[in-house]
Structure formats: C-alpha cells, structure tokens
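Now for the letters of each chain:
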Amino acid sequence: MHKSAGTEPTTLSWLQTTVREVLQLAESEEVAARTLRELAATSLQTVGVQYRIFQESSVQVEMSELIGDTSVAELAVLIDGRRQSAE
C-alpha cells in the first residue's frame, strides 16, 4: 500500500477497491463521493473495512469516522495524512 513510482495504486484507488470487495459491490459502483452509510454497509462490513485499512496501511481509523459523514475519498485523505504523520 505504500506509494512508489506508480507501481502501486493510490490510497483512494485501493480504498475504493477494498470498499467494493467488502461490501460486495460491482466494479462500476461509484463509491468515492459516498459514505459507507450511503453505500448501505452493515456493521460487520464496516468492521471489515476498518480491519483492511489497518492491515494494509497500519493506520487506525475509528468506527465513528467510518460510519459518519466522511466519504470514501475523504477517508483516503485521512489515511494518507495519518500515515505521513506517523513516519
């Protein structure tokens, strides 16, 4: 998940793919501008997204941030910011 010379996906790209996989959405489903709540994520799916974020990026995102009004794109920015401040 660490960015390098264009060989790995951006955080947003990776997070969109992760959200689609965990929520079992079609690849064509637009997720970047939507919240997990708007995407009808169940509690278990939200925990799954939280776990995958931590597993892949070592960034802890609180459940309140995941179920609030934060879009997937905003979550990606949050993850990047926390990752950079941890370095």
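Residues numbered from 1 in each chain as written. Predicted model: local features only at pLDDT ≥ 70, side-chain atom pairs only at ≥ 80, totals over all residues. Heavy atoms only, no water.

**Considerations on helix α4 (residues 72-86)**
Here is step 1 of the chain: Between the first and last C-alpha of α4 there are 21 Å, a value that for 15 residues agrees with the 21 Å anticipated at 1.5 Å per step.
Here is step 2 of the chain: The set of residues buried in α4 consists of Val72, Leu75, Ala76, Ile79, Asp80 and Arg83. End-on view of α4: buried residues confined to an arc of 140 degrees, all on one side of the axis. Opposite the buried face of α4, by more than 90 degrees, sit the exposed residues Val77, Gln84 and Ser85.
Here is step 3 of the chain: Looking at the buried positions of α4, the neighbouring elements they touch are α1 (11-23), α2 (43-57) and α3 (63-67). (Helix = DSSP H or I, 4+ residues; strand = E, 2+ residues; numbered from the N terminus. Expected span 1.5 Å × (residues − 1). Buried < 20%, exposed > 50% of the residue type's maximum accessible area, 1.4 Å probe, protein only. Arc of directions from axis to C-beta. Contact = heavy atoms within 4.5 Å.)

**Looking at the packing of α1 against α4**
Here is step 1 of the chain: Where α1 meets α4, the closest approach of the two axes is 9 Å, and the angle between their N-to-C directions is 125 degrees. Judged by the inter-axis angle, α1 sits oblique to α4. Crossing hand, α1 versus α4: right-handed. Contacts from Thr11, Leu12, Leu15, Gln16 and Val19 of α1 reach α4 at Val72, Ala73, Leu75, Ala76, Ile79, Asp80 and Arg83. (Axes fitted to C-alpha atoms, helices over the stretch in contact; angles between N-to-C directions. Parallel < 35°, antiparallel > 145°, perpendicular 65-115°, else oblique. Left-handed = near helix turned anticlockwise from the far one by under 90°.)

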